[in-house]
Amino acid sequence: MKLLAGGMLLTLAAPALAENWDFVLVNKTGKTIKMVEVSVAGSGDWKKDKREEDQGPGTIKPGDDYTVHFEKDPKVCKYDVRMTFEGDETPIIWTGFDTCKFAFGDFALNGGTPSVKGT
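**Student:** Explain the nonpolar core to me, please; I cannot follow it from the model alone.
**Tutor:** The nonpolar side chains of a soluble globular protein tend to be buried with one another. Core analysis: the biggest nonpolar cluster contains 19 residues, and F23, L25, V36, V68, M83 and F107 have the highest contact counts within it. For this core, the elements supplying multiple residues, two or more each, are β1 (19-28), β2 (33-40), β4 (65-72), β5 (78-85), β6 (88-98) and β7 (104-110). The element best represented in this core is β5, accounting for four residues. If sequence neighbours within four positions are ignored, F107 has contacts with F23, L25, V26, N27, K28, T29, V81, M83, W94, F97, S115 and V116.

Listed below in C-alpha cells is the structure:
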C-alpha cells in the first residue's frame, strides 16, 4: 500500500511533459527553406523541427507542404516559427502561429514581411 501511495505522489508531483506535435507548413515564401525552428511565442528558445528520415534532403521548395514535428507544451498554443533560406543565412520569424487552432499554415513573405494564414 505504501508503494502504491508513493507512486501516486510521484505521478502527481511530476511536471507536465511536452508531447510530440506537428503542423503542416505550406511554403508560400517564394524561397527554398533549409531550416525550420519552433519556439514558444516570445520565448526565443528555438528548437529545430524533428525531421523524419523519409522526408528527403531537408529543403522545402516554394509551393511544397512540409510537416513540422516539434515538442509542444500542453499548456501553450501559440508558437513562433523561424526559417532560414538557401542563399541567405538571416532567419525570418513568423510570430504567434496558433497550433491549437490550425493544423496547416500558409507561410508567406509579402514585400519581405512575414505573414501566415492558418487553416
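**Student:** Quick question: what am I supposed to make of the side chain of T84 here?
**Tutor:** Inspection of the secondary structure puts T84 in strand β5. Classification of T84 as buried rests on a relative accessible area of 4%. Among all residues touching T84, those that are not within four sequence positions of it are I33, K34, M35, E89 and P91.

**Student:** Can you walk me through the state of the cysteines in this structure?
**Tutor:** Covalent bonding between the sulfur atoms of two cysteines defines a disulfide. Scanning all chains against the criterion turns up one disulfide. C77 shares a disulfide with C100; S-S distance 2.0 Å. Its torsion about the S-S bond being -85°, the disulfide of C77 and C100 is classed as left-handed. Of this pair, C77 sits in the loop between β4 and β5 while C100 sits in the loop between β6 and β7, and the two are 23 residues apart along the sequence. On the basis of relative accessibility, which here comes to 30%, the residue C77 falls in the partly exposed class.

**Student:** Even after reading the chapter, I still don't get the packing of aromatic side chains, so can you show me in this structure?
**Tutor:** Describing an aromatic ring pair means giving the distance of the ring centres and the angle of the ring planes. Counted according to the given criterion, the structure contains eight aromatic pairs. With 6.1 Å between their ring centres and 35° between their planes, F23 and F107 make a pair best called tilted. Here F23 is found in strand β1, whereas its partner F107 is found in strand β7, with 84 residues between them in sequence. F107 matches F23 in its accessibility class, with the two residues each being buried.

**Student:** Explain the sheet that holds β5 to me, please; I cannot follow it from the model alone.
**Tutor:** In sheet architecture, strand pairing relies on hydrogen bonds along the backbone and comes in two forms, parallel and antiparallel. In space, the four strands of this open sheet follow the order β3-β2-β5-β6, with antiparallel pairing throughout. Two strands bound the open sheet, and with one partner strand each, they are β3 (47-48) and β6. For β5 and β6, the ladder comprises six bridges, and the chain directions are antiparallel. Bridge pairing links R82 to I93 in β6.

Reading guide: rules and limits
- Residues numbered from 1 in each chain as written.
- Predicted model: local features only at pLDDT ≥ 70, side-chain atom pairs only at ≥ 80, totals over all residues.
- Heavy atoms only, no water.
- Core = buried A, V, L, I, M, F, W, Y, C linked by side-chain atoms within 4.5 Å.
- Buried < 20%, exposed > 50% of the residue type's maximum accessible area, 1.4 Å probe, protein only.
- Helix = DSSP H or I, 4+ residues; strand = E, 2+ residues; numbered from the N terminus.
- Contact = heavy atoms within 4.5 Å.
- Disulfide = S-S within 2.5 Å.
- Phe/Tyr/Trp six-rings, centres within 6.5 Å; stacked < 30°, edge-to-face > 60°.
- Pairing = 2+ DSSP bridges.

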